[in-house]
Amino acid sequence: MEQQFPMIQVMDYEGCILMPEYRKKITKELVMACYRHLIRTRMFDRKCVSLQRQGRIGTYAPYEGQEACQVGSALALEEGDWLFPTYRDHGATMTFGHSLKHILLYWKGRNEGCIPPNGKKIFPPSVPIATQLPHAAGAAYAEKRKGTMNAAIVYFGDGATSEGDFHEGLNFASVFHAPVVFFNQNNQYAISVPITRQMKTKTIAQKALAYDIEGVRIDGNDIFAVYFETEKALERARNGGGPTLIEAVTWRYGAHTTADDPTKYRDQEESKRRRETTDPIRRLERFMKQEGWFDEEWVQNIQDEVTAEIDQAIMEVERVPEANPADMFDYVFAEPTWTIEEQKKAYFAWERGGTA
Ligand SMILES: Cc1ncc(C[n+]2csc(CCOP(=O)(O)OP(=O)(O)O)c2C)c(N)n1
Ligand SMILES: [Mg+2]
């Protein structure tokens with residue numbers, strides 16, 4: 001199966017192009033956009049970890065190390081496409097146009113954080129694992145029924161492939177030939193469980209065979225492989241070729257969330273080694289240096305602009321008035337249930353200092 005689904009690389013670890021047929025498509029404009037978004041997503045992720053440590057946002061799921069997966073795939077989308085993220089995919093949503101302010105609001109536990117910019121079809125992050133796959137298949141099928149050229153992309157991890165919803169989503173999309181791209185970020189861990197203890201198969205891409213859909217395995221730290229393979233899959237979807245399962249092999253450097261301690265279950269040397277060899281940003285920099293496209297001053301300008309953008313978003317978020325605790329109870333169901341009513345009463349009794 002590893003031979004049937006070889007890991008596609010367009011660029012090697014030294015930043016050399018391995019697939020000459022792509023050479024012409026790797027324009028300076030594309031490279032600059034990729035690099036800018038990679039830097040922007042990494043800086044934002046690091047800032048979020050720091051905000052969580054300062055108690056300014058809640059528990060946070062970092063994606064450092066997975067930026068090429070998220071930036072490369074989101075850049076391949078068209079304006080009218082759907083994006084279904086997990087809790088670890090705000091690198092993708094911000095690249096697709098979600099505002100940093102709303103992403104931060106989400107991590108402060110505010111329901112307003114789930115509102116995408118006008119016209120952007122970005123779903124709220126799915127925390128229940130794999131539940132977003134049937135949603136994406138359904139949204140894509142609706143676009144097909146309406147006769148549009150819009151497609152959907154849905155992100156999920158290696159762990160999600162052990163859930164029933166993964167199989168239901170792929171099966172539905174396959175049967176109804178829905179224009180959806182199943183974008184798997186195989187970061188090789190589901191919290192503390194390594195992939196070898198999650199599944200017997202050597203690849204995730206091969207699971208496409210069971211649904212008779214396209215399956216492809218790519219190096220998720222190679223932004224060109226991610227961008228071109230996602231573009232190809234989206235093209236296929238728009239042109240009636242049905243769904244694709246993309247397995248992007250990657251690695252998260254840090255903790256599962258800020259509530260997790262990875263030293264308890266894996267050797268930290270591995271992340272250190274990967275930072276020096278397979279890091280998605282370093283790799284693109286190596287390519288840019290070979291082309292003579294790497295300019296320190298330009299990079300500094302990007303960093304200054306992104307710092308200002310992030311600082312502005314934080315300032316706006318911290319000016320938003322405190323949430324009304326009643327919101328927690330009022331927006332669960334259209335008609336409140338008696339259990340919710342009881343919980344609401346108990347909460348306000350507690351807040352007033354009494355007992356429930
Ligand atoms: C239905 C469901 N079961 C269990 C959990 C608890 N949980 C949260 S994250 C996670 C691991 C998911 O791993 P993976 O799909 O590989 O995504 P990653 O976190 O690595 O991005 C689990 C089991 C959950 N959120 N939802
Ligand atoms: Mg995982």
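Note: the structure precedes this text.
Residues numbered from 1 in each chain as written. Chains lettered and ligands numbered in written order. Predicted model: local features only at pLDDT ≥ 70, side-chain atom pairs only at ≥ 80, totals over all residues. Heavy atoms only, no water.

(A) A look at the coordination of the magnesium ion (ligand 2). Protein-derived coordination of the magnesium ion (ligand 2) comes from Asp158 (OD), Asn187 (OD1) and Tyr189 (O), at a distance range of 2.1 to 2.2 Å. The motif formed by the donor residues of the magnesium ion (ligand 2), counted along the single chain, is D-x28-N-x1-Y. Residue Asp158 is located in the loop between strand E4 (152-157) and helix H6 (164-175), and its partner Tyr189 is located in strand E6 (residues 189-190); the two are separated by 31 residues in the primary sequence. A residue is classified by how much of its surface remains accessible, and Tyr189, at 15% relative accessible area, is buried. (Donors = N, O, S within 2.8 Å, 3.2 Å for Na, K, Ca; no water. Helix = DSSP H or I, 4+ residues; strand = E, 2+ residues; numbered from the N terminus. Buried < 20%, exposed > 50% of the residue type's maximum accessible area, 1.4 Å probe, protein only.)

(B) Structural context of the packing of aromatic side chains. A full pass over the atoms with the stated rule returns 21 aromatic pairs. Judged by centre distance (5.9 Å) and plane angle (20°), the ring pair of Trp82 and Phe84 falls under stacked. An identical accessibility class is assigned to Trp82 and Phe84; each is buried. Ring geometry for Phe172 against Phe176: centres 4.5 Å apart, planes inclined by 35°, an arrangement best described as tilted. Counting every residue linked through ring pairs, the aromatic cluster contains Phe329, Tyr347, Phe348 and Trp350. Looking at Lys120, its charged tip hangs above the ring of Phe96, at a distance of 4.1 Å from the centre. Over the face of the ring belonging to Tyr189 we find Arg266, whose NZ or CZ atom lies 4.7 Å from the ring centre. (Phe/Tyr/Trp six-rings, centres within 6.5 Å; stacked < 30°, edge-to-face > 60°. Lys NZ or Arg CZ within 6 Å of the ring centre and 35° of its normal.)

(C) The sheet that holds strand E9 (residues 244-249), seen in detail. Spatially, E1-E8-E9-E5-E4-E2-E3 is the arrangement adopted by the seven strands of the open sheet, whose pairing is parallel. At either end of the open sheet lies a strand with only one pairing partner, and these are strand E1 (7-8) and strand E3 (121-122). In the sheet, strand E5 (residues 180-186) pairs with E9 via six bridges, with the strands oriented parallel. Residue pairing across strands places Phe183 opposite Ile246, the latter belonging to E9. Together, E1, E4, E5, strand E8 (214-219) and E9 form the strand contacts of helix H7 (residues 223-238), whose direction differs from that of E8 by roughly 165°. (Pairing = 2+ DSSP bridges. Contact = heavy atoms within 4.5 Å. Axes fitted to C-alpha atoms, helices over the stretch in contact; angles between N-to-C directions.)

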